[in-house]
Amino acid sequence: MADFEKLVVKEVYKETKDTVAITFDVPEKVQERFKYKQGQHLNIKKEINGEDIRRSYSLCTSPVENKWQVAVKKIKGGVFSTYANETLSAGDVLEVSAPDGKFYVEVDASKPKHYIVFAAGSGITPILSIIKTHLSLEPEATMQLFYLNRKVKSIIFKEEIEALKNKYIGRFEVFYFLTKEQRGIPLLNGRFTSEKLQALTQKIIDVPSVDECFICGPEEMIFLIRDELVSAGLLEEKVHFELFNAGNTEADKKHIAEVLEHQAEHTEVTIIDGDKEFHFEMEPDYDNILDAALANDADLPFACKGGVCCTCKAKVVEGAVEMKLNYGLEPYEVEQGYVLTCQAVPTTDKVVVDFDA
């Protein structure tokens, strides 16, 4: 069963025209459970117009601040993002699960470290948490931020970023890239491209000195940056990324189609959740275990449903499945039998998954 806590919204303010920052009041009695690492996210649940809406949002605050804040950018047609930007106010209550996620490396103050971080739009949220934490807790750490937006006015947390730059002079560099406004430096105009990234690695980024790289934004941007950095000599294991809106590339669509071709026609599914078992038969209308289970009134943890957040992680203990997408589980977890149930397509007539394994 999903474990959510009812939290009062302490503050809601407009960060940009289409983005609100939401701060939660986390009572002292649950603060231990809500401790988090930089770069982690919260899963938020709210019933809107009779529908159970769940979304995953990265914390933009640092653990050193003892503050729980997320930013929500309004998306066209987005049920929760529209509610958050137009209706939500201080004093309202949202159901929130404890912080989760793997988008971080442990703090190490024993040696100088150099970080490079890339973000696009609202992808700055976990990146900002990472920046603040490492600069604060690693006195000799240096950081370079490469941040893509449409216009200056659309830059989320610009004032806070500038304040950090002033606070950590000589340790924190910021490069803003804009797609809808032109400036005098051609390198900073427009989206990231192979040519632009090659220029960055030749003129601005000292690749051999980079200890860790973090990237958050659209899928194509992330993999472009990763591939160019690796080509420039950065070890791939040093590149960490958090995806927004996964599954849109042609390669993803092709893989999903191939997986669906292997789906079993009729599968008896058993869900193990704590000391309970839940049984149902997959209907043809559903192509993944999570959606089929929810349609049969199962109460299971989930958030993004995009193969990213790992909230719906479970272990296959009998039978076999294939995943349409997987941007959350590590290879060793997949080898151990773990799957993202929102992406798990049964390929055998019987499948048993354990949410507590």
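Before reading on, note that the structure itself is shown above.
Residues numbered from 1 in each chain as written. Predicted model: local features only at pLDDT ≥ 70, side-chain atom pairs only at ≥ 80, totals over all residues. Heavy atoms only, no water.

Colleague: What should I look at first to understand the pattern of salt bridges in this one?
Modeller: Working definition: two side chains of opposite charge can pair if their charged atoms are close together. Following the criterion strictly, the structure yields 16 salt bridges and no others. Of the charged contacts, one joins K35 and E32 as a salt bridge, the two residues approaching to 3.2 Å between their closest N and O atoms. Note on E32: relative accessible area 58%, which makes it exposed. One salt bridge connects D287 with K324, and the closest N-O pair in it is separated by 3.2 Å. With D287 in the loop between β13 (276-281) and α7 (289-295) and K324 in the loop between β15 (321-323) and α8 (331-335), this residue pair connects regions lying 37 residues apart in the sequence. A residue is classified by how much of its surface remains accessible, and K324, at 11% relative accessible area, is buried. Through salt bridges that share partners, D3, E5 and R33 make up one connected network. (Salt bridge = Lys/Arg side-chain N within 4 Å of Asp/Glu carboxyl O. Buried < 20%, exposed > 50% of the residue type's maximum accessible area, 1.4 Å probe, protein only. Helix = DSSP H or I, 4+ residues; strand = E, 2+ residues; numbered from the N terminus.)

Colleague: Got a minute to help me understand the nonpolar core in this structure?
Modeller: Generally speaking, a soluble globular protein has its nonpolar side chains buried in company with each other. The biggest cluster of nonpolar side chains holds 30 residues, and the ones touching the most others in it are I124, I127, I131, L145, Y147, I161 and F172. Taken together, the elements giving at least two residues each to this core come down to β7 (114-120), α2 (124-137), β8 (142-149), α3 (158-167), β9 (172-178) and β10 (212-218). Residue contributions to this core peak at 6 residues, all from α2. Excluding anything up to four places from it in sequence, I127 contacts F103, V117, F118, A119, L145, F214, I215 and C216. Residues V339, C342, V351 and F355 belong to the second largest nonpolar core, which totals 26 residues. (Core = buried A, V, L, I, M, F, W, Y, C linked by side-chain atoms within 4.5 Å. Contact = heavy atoms within 4.5 Å.)

Colleague: Would you mind going over the sheet that holds strand β14 (residues 313-318) with me for this structure?
Modeller: Two modes of strand pairing occur in sheets, parallel and antiparallel, and in both the strands are linked by backbone hydrogen bonds. Across the sheet, 5 strands lie side by side as β13-β12-β18-β14-β16; this open sheet has mixed pairing. The sheet is open, and its two borders are formed by β13 and β16 (338-340), each paired with just one other strand. Across the sheet, the mean angle from the axis of one strand to that of its neighbour is 30 degrees, orientation sign disregarded. (Pairing = 2+ DSSP bridges. Axes fitted to C-alpha atoms, helices over the stretch in contact; angles between N-to-C directions.)

Colleague: What exactly am I supposed to notice about the environment of E228 here?
Modeller: Note that E228 resides in helix α5 (residues 219-231). By relative accessible area, which is 15% here, E228 ends up buried. Separated by 21 residues in sequence, E228 and V207 have C-alpha atoms that sit 11 Å apart. In this structure E228 touches S194, L197 and Q198, once residues within four positions along its chain are discounted.

Colleague: Explain a negative patch on the surface to me, please; I cannot follow it from the model alone.
Modeller: Residues E268, E281, E283 and D285 make up a contiguous surface patch of negative charge. Its place among the elements puts E268 in strand β12 (residues 268-273). You can call E268 partly exposed: its relative accessible area is 40%. (Patch = residues over 30% accessible without salt bridge, like charges linked within 9 Å, V, L, I, M, F, W, Y side chains within 5 Å. Areas by Shrake-Rupley, 256 points an atom, 1.4 Å probe, with all protein chains shown as cover. Lys, Arg positive; Asp, Glu negative; His and termini not counted. Charge placed at Lys NZ, Arg CZ, Asp CG, Glu CD.)

Colleague: Please explain the pairing of β14 as it appears in this structure.
Modeller: Along a regular strand, successive side chains alternate from one face of the sheet to the other. Pairing geometry for β14 and β16, over 3 bridges, is antiparallel. When the bridges of β16 are listed, K313 appears paired with L340. Where β14 meets strand β18 (residues 350-354), 3 bridges bridge the pair, whose relative direction is antiparallel. Among the inter-strand pairings, K315 is bridged to a residue of β18, identified as D354.

Colleague: Hey, could you run me through the pairing of strand β2 (residues 19-25) in this one?
Modeller: With respect to burial, β2 is a largely interior element, 6 of its 7 residues being buried. By the bridge criterion, 7 bridges tie strand β1 (residues 4-16) to β2 in an arrangement that is antiparallel. Its bridge partner lying in β2, Y13 is registered against A21. Joining the antiparallel neighbours β1 and β2 is a turn of 2 residues. Bridge count between β2 and strand β5 (residues 68-73): 6 bridges; the pairing is antiparallel. The residue bridging F24 from the neighbouring strand is W68, located in β5.

Colleague: Mind showing me how you'd approach the side chain of T61 here?
Modeller: Tracing the sequence through the fold places T61 in the loop between β4 (51-58) and β5. Within the structure, T61 has its side chain in polar contact with the side chain of Y36 (distance 3.0 Å). From its side chain, T61 meets the backbone nitrogen of Q69 in a polar contact 3.4 Å long. Here T61 is in contact with Y36, K67, W68, Q69, S129 and K132, once residues within four sequence places are set aside. (Polar contact = N/O pair within 3.5 Å; in protein donor to acceptor, adjacent residues only side chain to side chain.)

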